[in-house]
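Single-letter residue listing:
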2 protein chains.
Amino acid sequence: MELHGKNIVGHERSAEGTVTFRALAPGRDQPLDPQFHEATDAEVHAAFERAAEAFATCRRRRVDFAPFLECIAGEIEALGDALITRAAEETGLPEARLLGERGRTVGQLRMFAKVVRKGSWVDARIDHAIPDRKPIPKPDVRRMLIGIGPVAIFGASNFPLAFSVAGGDTASAIAAGNPVVVKAHPAHPGTSELVGRAIRRAAMAAEMPSGMFSLLHGTSERVGLAMVRHPLARAVGFTGSLRGGRALFDAANARPDPIPVYAEMGSINPVFLLPGALAGRADAIAEGLAQSVSLGVGQFCTNPGVVVGVAGDDLDRLTSTLRERIEETAPGTMLHRGILEAYERDLQELDGSSVVTLEARSRETPRRERTEAACCLLSTEAGDFLADRRLSREIFGPSTILVRARSREQLEAIAAGLEGHLTATIHGTEEDLEEHASLVSILESKVGRIIFNGFPTGVEVCPSMHHGGPYPATTNSLFTSVGTAAILRFARPVCYQGFPDAALPAELQDENPRRIWRLVDGELTRE
Amino acid sequence: MELHGKNIVGHERSAEGTVTFRALAPGRDQPLDPQFHEATDAEVHAAFERAAEAFATCRRRRVDFAPFLECIAGEIEALGDALITRAAEETGLPEARLLGERGRTVGQLRMFAKVVRKGSWVDARIDHAIPDRKPIPKPDVRRMLIGIGPVAIFGASNFPLAFSVAGGDTASAIAAGNPVVVKAHPAHPGTSELVGRAIRRAAMAAEMPSGMFSLLHGTSERVGLAMVRHPLARAVGFTGSLRGGRALFDAANARPDPIPVYAEMGSINPVFLLPGALAGRADAIAEGLAQSVSLGVGQFCTNPGVVVGVAGDDLDRLTSTLRERIEETAPGTMLHRGILEAYERDLQELDGSSVVTLEARSRETPRRERTEAACCLLSTEAGDFLADRRLSREIFGPSTILVRARSREQLEAIAAGLEGHLTATIHGTEEDLEEHASLVSILESKVGRIIFNGFPTGVEVCPSMHHGGPYPATTNSLFTSVGTAAILRFARPVCYQGFPDAALPAELQDENPRRIWRLVDGELTRE
């Protein structure tokens, strides 16, 4: 399958611009063919114009999006090895990981197809009229969620499939009934094109109007900002850096009509080691931590960047095992040179601090030409950590900093001083947990997910998952970007008052033809 | 009951500042005693510090907020005539209206108490572990909604009870488990103090920690901005002008850590008259419109500011009846001089346009000293309306503009050109509605609530109500400020992974001790 390097605007290829770029192969440090055409402002405009038309058409026709989502999953699978090969070249990620990620990607698409088929996600509510209520009659009022309109989505570099062109944002936005305009991440434009073409084929097979999907390329901020500022864009989904996410958030809020930005921007995912766990499982925790820290070369947003424990023999033992494991960890190829350079710069800055000790790093020397990063373990004292906010900054890559607390109070002070994060992890016995209920209570207001005796990497895709958290983990702590609840980001309630039954959407008709769960006169029912 | 004119910070009175102001009696155009003390920055800070402490305490103690909400309702009722008398003086609203509004206010508080007692609002979701799942075990994951933290709430001038100190924002924020810091509207500071003292008494009776409620006074923007910018504020609820709401929204988004602002900022609530309705019920619709336009001297956010119909004899008949009814409508006292002056200025500007005709105004002359406004009917042609955006601006007060369309296309073009609004209304026969399905489809993306054969004023407080809409109706079209779903603005999901049952909140424990509805392994159940 030859790549064409063009944008996909609705069902059409488009390459109006003169600016082009090529992907780099991080494992080889050389550009890959073909050249990709950066989208022009006119192409951004065309994508949103078509998206708005497609949205209106689908609303009028009350289109069912489940078949489209399933078709996308099938078309991605049909890409076969070509997709995995190109993704591996562009990202440096190993094949096994990419196969797993493809499984997750098609799994998410099919999960959202199921959510659409079940139909209860629309949170239908019906309150019947009471014409003889005093002093005034009660009207018949019904509401449900509908799509918000065209959504601008930004592919993430660290999940070239599951959080990119056909990733969770795209799947949930389409499931809610919205067209999407996706900005391909410039680090994997070929992977993006392959997936984009799969979606285009699916759109045609599922008889979607042209405009339900567009894919735009670009290395500059211009394309992304033009998307967020476009008058027809109704919401934004983004996974990436704090700098990038905040820039889009600010642009969206500066619009004459601000639109919501759901940006997931990273996290240090603190791990708290309570005494019972340290006493009983120091080695096992160290093994697990080393794996979690180095997983995907530390390029997960749930990477555990800070480990806090009360100083003592048990923590020393854990540290010593962790040191060994980190040294044994082979350097890994990072997604692109920019990420590697930022990682090294951040590490150097931390290492340069007089209060930070470099405990260990991969014994093997990273190969520069393969864009490799060494795994690192740093350490510091809780007092120093509390005094210097720079020590708690996220370092994107395979490193973590061990913080030695002198007391339970210091442990809690660290928790209380945290900014918002995606996750926090507690290792402890059940007695520890009971004893440290106040720690849990503090963390509940700081993070989106609290893990007990596990590791933060590995985000289960299910209805109860919450992958989100207070700022700066995300720009909106009320929503998740993983799991079925992600659909709620792209839907808004509409209320129908006094409508004749036949004029209502099926979800709100008396007969409940879709057999969905509804809140009828205050009670949940499927009748 | 003598008013003290002080701020209420936690359980204490506070008057540290030297800036004072008095309320004006719009019906008499003279200041009322006592003097009120504008809150200082230190008082704002103290209120949020206490609120954050109260939030932490309540989270730790897993406090039940239903009794507090019910106590507030009881204490407001116990204020008796004193509240109604003061509110009537400060707002110029008639006693009957204020009695109704008090009923709605205590009704809302009790409704949210019920929501809290029922408990299912937390949207609990449980996915059980599958330890032997391949390739990796599935962890036990559970999530629910919890309070977001201290909420800054701004009392609205046009609902001195139902959207003020103990209004819907306060009730829903507390129901979600949050302390509130309320900014009293300076047009009714005495009413605010009375209600604030009732809440304070309720907080003490329900053994709430000091800080669950604070009330701050101020006429300047400084107090409000200091609240929104305070580092411990976690969300903002506001009902008022576009200018005011946008200023708070911008300030909240410019924070180092942006917080959500739920601002409900008004709407022109367009009314579409379809041919069948015009032919069959022109007079009845005119009667209803005149009442809806003049209700509360036009100071409802759901006031119908634009009426669109296809020109012809039927529309002429409706216009003629409407003209009579408007002329017969007595001028009414507006909430304060500022609102009256803005109303007159806006009307004058519109009346000055060469394409607008003044069809009718209250025959009786408004008394300036009573801050009275005349009811007005204007008219224009659809072509002119479409060409000049100023004609579709909200005029806050008892006026409406009748727009004569020449075709169905023009009618739909007007709908398509609308900004976001709270409501749209359609008058028609069932055949009209079927015929104009595309109009409904357009309006679904423009407004939060579509009313068929009714009038937009009168917002039912129930689970299916959606009082919201795309910008500029609100700053967040995903949420409602009226009805039980309003609680969702002030709660965020937290996910617990691998927790022992005893360490989980009751809502997520296996036994389901609270008997709430939960999504367990993808299925809704109460077991």
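What counts, and at which threshold
- For every chain, the first residue of the written sequence is number 1, and numbering continues from 1 onward in sequence order.
- For this description, chains carry letters from A and ligands carry numbers from 1, given in the order in which they are written.
- The predicted origin of the model limits local features to residues at a pLDDT of at least 70 and limits the giving and counting of side-chain atom pairs to 80 or more, whereas totals for whole chains, interfaces and linings rest on all residues.
- Excluding hydrogens and water, the side-chain figures rest on all heavy atoms present in the structure.
- Secondary structure elements are defined from DSSP: runs of H or I of at least 4 residues count as helices, runs of E of at least 2 residues count as strands, and each element is numbered from the N terminus.
- Every radius of gyration here is taken over C-alpha atoms, with the globule rule written as 2.2 Å times N^0.38, N being the number of residues.
- Contacts were defined at the residue level, with two residues in contact if any of their heavy atoms lie within 4.5 Å.
- To measure how exposed things are, a 1.4 Å probe is used in the Shrake-Rupley method; for residues, cover is taken only from the protein chains shown.
- Between any two strands, pairing holds if DSSP finds at least two bridges.
- For helices, the fitted line uses only the C-alpha atoms of the stretch in contact; every axis is such a line through C-alpha atoms, and the angle between N-to-C directions lies from 0 to 180 degrees.
- For every residue, the predictor reports its confidence as pLDDT, a number between 0 and 100.
- Accessible surface is computed with a 1.4 Å probe, and the buried area is the amount of it that two parts give up when combined, taken over both parts together.
- Between Lys or Arg on one side and Asp or Glu on the other, a salt bridge is scored when a side-chain nitrogen of the former is within 4 Å of a carboxyl oxygen of the latter.
- Pairing of N or O atoms within 3.5 Å defines a polar contact, subject to two protein rules: one partner must be a possible hydrogen donor and the other a possible acceptor, and residues neighboring in sequence count only if both atoms are side-chain atoms.
- As a working rule, the residues Ala, Val, Leu, Ile, Met, Phe, Trp, Tyr, Cys and Pro are called nonpolar, Asp, Glu, Lys and Arg charged, and the rest polar, with Gly in that last group.
- By definition, any crossing whose near helix is turned counterclockwise from its far helix by less than a right angle is left-handed, and any crossing with a clockwise turn is right-handed.
- To count as a disulfide, a pair of cysteine sulfur atoms needs to be within 2.5 Å.
- Exposure categories follow from relative accessible area, calculated using a 1.4 Å probe and restricted to protein chains: below 20% of the type maximum is buried, above 50% is exposed, and the middle band is partly exposed.
- Superposing copies: least-squares fit, C-alpha atoms only, residues required to have pLDDT of at least 70 in both.

**So, the overall build of chain A**
Move 1: Helix and strand counts for chain A stand at 15 helices and 23 strands.
Move 2: Relative to the globule expectation of 24 Å for 527 residues, the C-alpha radius of gyration of chain A, 25 Å, shows essentially globular dimensions.
Move 3: Each of the three principal axes of chain A carries a C-alpha extent, and together these read 75 × 65 × 40 Å.
Move 4: By sequence separation, contacts in chain A at least 24 residues apart represent 77% of the contacts at least 6 residues apart.
Move 5: Of the roughly 18,300 Å² of accessible surface on chain A, 51% is carried by carbon and sulfur atoms.

**Focus: the sheet that holds strand E20 (residues 447–452) of chain A**
Move 1: Here we have 12 strands laid out as an open sheet, ordered E15(A)-E17(A)-E18(A)-E13(A)-E12(A)-E19(A)-E20(A)-E23(B)-E8(B)-E7(B)-E24(B)-E25(B), and mixed in their pairing. Looking along the sheet, the strands with just one partner apiece sit at the ends: strand E15 (357–361) of chain A together with strand E25 (523–525) of chain B. Strand after strand, the sheet turns through a mean of 20 degrees between neighbouring axes, direction not considered.
Move 2: The pairing of strand E24 (residues 518–520) of chain B with E25 of chain B spans three bridges and is classified as antiparallel.

**Digging into the confidence of the model for chain A**
Move 1: The pLDDT averaged across chain A works out to 96; a share of 100% of its residues lies at or above 70.
Move 2: Confidence metrics for the complex model read pTM 0.97 and ipTM 0.97.

**Here's the deal with the interface of chain A and chain B**
Move 1: With 70 residues of chain A in contact, the opposing surface of chain B contributes 71 residues.
Move 2: For the pair chain A and chain B, the summed buried surface comes to about 5,800 Å²; carbon and sulfur atoms form 56% of the total.
Move 3: Looking at the side of chain A facing chain B, the largest losses of area belong to Glu444, Ser464 and Leu478 of chain A, adding up to 12% of the total buried there.
Move 4: There are six salt bridges connecting chain A and chain B.
Move 5: Glutamate 444 of chain B is paired through a salt bridge with arginine 59 of chain A; the nearest N and O atoms lie 2.7 Å apart.
Move 6: Where chain A meets chain B, there are 39 residue pairs in polar contact (both at pLDDT 80 or more).
Move 7: At seven residues, the largest contribution of residues to the side of chain A that touches chain B is made by strand E21 (residues 491–497) of chain A.
Move 8: Its residues placed into classes, the side of chain A that touches chain B shows 37 nonpolar, 12 polar and 21 charged.
Move 9: Bridge analysis of E20 of chain A against strand E23 (residues 491–497) of chain B gives three bridges, and the strand direction is parallel. In the sheet register, isoleucine 451 of chain A faces E23 of chain B, and the bridge partner there is glutamine 497 of chain B.

**Quick look at the packing of helix H1 (residues 41–61) of chain B against helix H7 (residues 221–229) of chain B**
For any two helices packed against each other, one specifies the crossing angle of their axes together with the interaxial distance.
Residue and element names in this part refer to chain B.
Move 1: H7 packs onto H1 with a crossing angle of 35 degrees between their chain directions and a minimal axis gap of 10 Å. In this structure, H1 meets H7 at a crossing whose hand is right-handed. The residues of H7 that touch H1, namely those facing Asp41, Val44 and Phe48, are Arg222, Val223, Ala226 and Met227.
Move 2: Considered class by class, the residues forming the contact of H1 with H7 number five nonpolar, no polar and two charged.

**Brief notes about the state of the cysteines**
All names here are of chain A.
Move 1: What the rule picks out here adds up to zero disulfides over all chains.
Move 2: Between cysteine 58, a cysteine without a disulfide, and cysteine 71, which holds the nearest cysteine sulfur, the sulfur-to-sulfur distance is 14 Å.
Move 3: When its relative accessible area of 4% is taken as the criterion, cysteine 58 is described as buried.
Move 4: Left unpaired, cysteine 375 is separated from the closest cysteine sulfur, that of cysteine 376, by 6.9 Å.

**Comments concerning the relation of the copies chain A and chain B**
Move 1: In the superposition of chain A on chain B (RMSD 0.0 Å, axial shift 0.0 Å), the rotation amounts to 180 degrees. Both chain copies can therefore be described as sitting about a two-fold axis. Rotation axis and chain A: the residue whose C-alpha lies nearest the axis is asparagine 253 of chain A, separated from it by 3.7 Å.
Move 2: Most of the interface of chain A is mirrored in chain B: 100% of its interface residues are interface residues there too.

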